[in-house]
Amino acid sequence: MDLRIFTEPQQGATYDTLLTVAKATEDLGFDAFFRSDHYLKMGDVDGLPGPTDAWITLAGLARETRRIRLGTLMTAATFRLPGVLAIQVAQVDQMSGGRVELGLGAGWFEEEHTAYGIPFPKEKFARLEEQLEIVTGLWATEPGKTFDFHGEHYELKDSPALPKPAQPKIPVLIGGHGASRTPRLTARFADEFNMPFGSAEDSERQFGRVRAAAEEIGRDPGSITFSNALVVCVGKDDQEVARRAAAIGREVDELKTNGLAGTPAEVVEKIGRYAETGSRRLYLQILDLHDLDHLELISAQVQSQLP
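Residues numbered from 1 in each chain as written. Predicted model: local features only at pLDDT ≥ 70, side-chain atom pairs only at ≥ 80, totals over all residues. Heavy atoms only, no water.

Asker: Explain the overall build of the protein here, please?
Answerer: On a plain count of helices and strands, the protein comes out with eleven helices and twelve strands. Buried residues in the protein amount to 54% of all 307 residues. A separation threshold of at least 6 residues defines the contact pool for the protein, and within that pool the share at least 24 residues apart is 73%. Carbon together with sulfur atoms contributes 50% to the accessible area of the protein, which is approximately 13600 Å² in total. Mean positive and mean negative side-chain charge positions of the protein (33 and 46 charges, respectively) differ by 3 Å. (Helix = DSSP H or I, 4+ residues; strand = E, 2+ residues; numbered from the N terminus. Buried < 20%, exposed > 50% of the residue type's maximum accessible area, 1.4 Å probe, protein only. Contact = heavy atoms within 4.5 Å. Areas by Shrake-Rupley, 256 points an atom, 1.4 Å probe, with all protein chains shown as cover. Lys, Arg positive; Asp, Glu negative; His and termini not counted. Charge placed at Lys NZ, Arg CZ, Asp CG, Glu CD.)

Written out as C-alpha cells, the structure is:
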C-alpha cells in the first residue's frame, strides 16, 4: 500500500509552507505529494494568505524535490484550456525529471469560479471528456506529426503537440462517485481511479463498476490502479487524537467513521479493510500543515507496518 500526502492549500497555506510539507513528505519516505486545485476556501476558515495555483506550486516543488511523485487531486477542467494544460503539465514533468501525475476532474465549486471570473459552464462532463481526449492525444502524438481535434467544445488544428513530457506516459487519474459516466471515462483514459472520501463498502462497489467498464471495452482491469483519498488524524494515544481532531475542527467519532483516525494500530487495521477492496494507494488528506510531528508519527508507526 502506497501512502501519499494530500494537501488542501486553499484552506490557508503559503508556498513556503507547502514546500516544507513536501520536503518532509520526501524525507519521511512517503510516495508522493499531491495538492487540491482550488481558488477559494471552504468552510469556517479564513483561507489566508489566499490561494496558490496548483501547477505553479508543483513547478516550484519539481525543482526542490528529487524522489517523490507530484500531482493534483483534481485539476478542474473548467480552469484551463486543454492545450494550455497539456503544455503546463508536460513542462512541470520535464522540470521534475518525470515525476508528475495529472488528476483531472470536471470542476464543481461554482463560487470559486464566480469569485475569480472563471466561466462555469452548465455542461461540464462533456468538456471533461474532450479535455481528456485532447491532453492525452497531444502527449501521444509522435514528434514531427501534428494533432487535430474537432469537438463540440474545443477545436485544435495542426498543433505541433509540443512540448513532450519527460515520461513516456504521464499517469492520468480520474475519480468520483458517479455510477456510469465516471467509470466509463476511467476505462478509456485513466491509469488510476481514485475514490474520494468513501467507505470501504462504497469503494468496493465503485471499483467493481470501473472494472466492469474496462472489461466492456476490452481493457484489462488490472491495468488500472485503485486508490482512496481519506482525511487522516493519528495520535499516539486517545488524547493526542482528540487534540489533532480539535485542531482541524472535527470530531473524533466522525473522523473514525469517515476517515483514518485513531491510534496507529487502529489506522493500520482500517487501512487493511481498504486493501481488501483492491485499493493499492492512499492519499492522506492532511489539514494541519504545520503539524509535521503528525507526518513523522504516520511514517514511523503506520507506514512501517504496511505490507
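Asker: What is the right way to look at unusual backbone geometry in this model?
Answerer: Trans is the common state for peptide bonds, and a negative phi is the common state for residues other than glycine. Residue P49 is reached from L48 by a cis peptide bond, and omega for that bond is 10°. Between L73 and the following residue, M74, the backbone shows a cis peptide bond with an omega angle of -20°. Although it is not a glycine, A161 adopts a positive phi angle of roughly 55°. Mapped onto the elements, A161 comes out in the loop between β7 (155–159) and β8 (172–175). For A161, a relative accessible area of 3% corresponds to the buried category. Here F197, not a glycine, exhibits a phi torsion of approximately 55°, which is positive. Secondary-structure assignment places F197 in the loop between β9 (192–196) and α7 (200–216).

Asker: Hey, could you run me through the packing of helix α2 (residues 54–64) against helix α3 (residues 82–96) in this one?
Answerer: In helix packing, the relevant descriptors are the interaxial angle and the interaxial distance, both defined with respect to the helix axes. For the pair α2 and α3, the least separation of the axes is 8 Å and the interaxial angle reads 15°. Classed by the angle they form, the pair α2 and α3 counts as roughly parallel. In this structure, α2 crosses over α3, and the sense of that crossing is left-handed. For the pair α2 and α3, the contacting residues are W55, L58, A59, A62 and R63 in the first and L85, V89, V92, M95 and S96 in the second. Its residues assigned to classes, the contact of α2 with α3 comprises eight nonpolar, one polar and one charged. (Axes fitted to C-alpha atoms, helices over the stretch in contact; angles between N-to-C directions. Parallel < 35°, antiparallel > 145°, perpendicular 65-115°, else oblique. Left-handed = near helix turned anticlockwise from the far one by under 90°. Nonpolar A, V, L, I, M, F, W, Y, C, P; charged D, E, K, R; others polar.)

Asker: I'm lost on the environment of F79 in this one. Help?
Answerer: When you line up the elements, F79 lands in the loop between β4 (75–76) and α3. Along the chain, F79 and P119 lie 40 residues apart, while their C-alpha atoms are 8.3 Å from each other. What F79 contacts, discounting residues up to four positions off in sequence, is D37, H38, Y39, E112, H113 and I118.

Asker: Help me out: how do you make sense of the nonpolar core in this one?
Answerer: In globular proteins that are soluble, nonpolar side chains generally tend to be buried together. Counting 63 residues, the largest nonpolar core has W55, L102, W139 and I298 as its most contacted members. With seven residues, helix α5 (residues 125–140) is the single largest residue contributor to this core. For L102, the residues in contact, after removing those within four places along its chain, are W55, T72, T75, L85, V89, V135, W139, I170, P171, V172 and L173. Grouped together as the second largest cluster of nonpolar side chains are nine residues, A187, F193, F207 and F226 included. (Core = buried A, V, L, I, M, F, W, Y, C linked by side-chain atoms within 4.5 Å.)

Asker: Just checking my understanding: could you explain the packing of aromatic side chains for this structure?
Answerer: When we look at a pair of aromatic rings, we describe it by the centre distance and by the angle of the planes. Summed over the entire model, instances satisfying the criterion amount to six aromatic pairs. Note on F34 and Y283: the rings are 5.0 Å apart at their centroids and 70° apart in plane angle, and the pair reads as edge-to-face. Here the residue F34 occupies a position in strand β2 (residues 32–35), and Y283 occupies one in strand β12 (residues 281–286), the gap between them amounting to 249 residues. Since its relative accessible area comes to 0%, F34 is described here as buried. Between the aromatic rings of W108 and F109, the centroid separation amounts to 5.1 Å while the plane-to-plane angle is 20°, which identifies the pairing as stacked. According to the relative accessible area criterion, W108 is exposed, its value standing at 56%. Since its relative accessible area comes to 10%, F109 is described here as buried. Through a chain of ring-to-ring contacts, the aromatic side chains of Y39, F79 and Y116 assemble into a single cluster. The cationic tip of R181 hangs over the ring face of F125; the distance from NZ or CZ to the ring centre is 4.2 Å. Of note, R211 hangs over the ring of F226, and the distance from its end group to the ring centre comes to 4.5 Å. (Phe/Tyr/Trp six-rings, centres within 6.5 Å; stacked < 30°, edge-to-face > 60°. Lys NZ or Arg CZ within 6 Å of the ring centre and 35° of its normal.)

Asker: Which parts of the structure should I look at to understand the pattern of salt bridges?
Answerer: Oppositely charged side chains may form a pair once their charged atoms are brought near each other. Evaluated as defined, the whole model comprises 20 salt bridges. E240 is the salt-bridge partner of K236, the closest N and O atoms lying 2.8 Å from each other. Of the charged contacts, one joins R244 and D291 as a salt bridge, the two residues approaching to 2.5 Å between their closest N and O atoms. Of this pair, R244 sits in helix α8 (residues 238–247) while D291 sits in the loop between β12 and α11 (292–301), and the two are 47 residues apart along the sequence. (Salt bridge = Lys/Arg side-chain N within 4 Å of Asp/Glu carboxyl O.)

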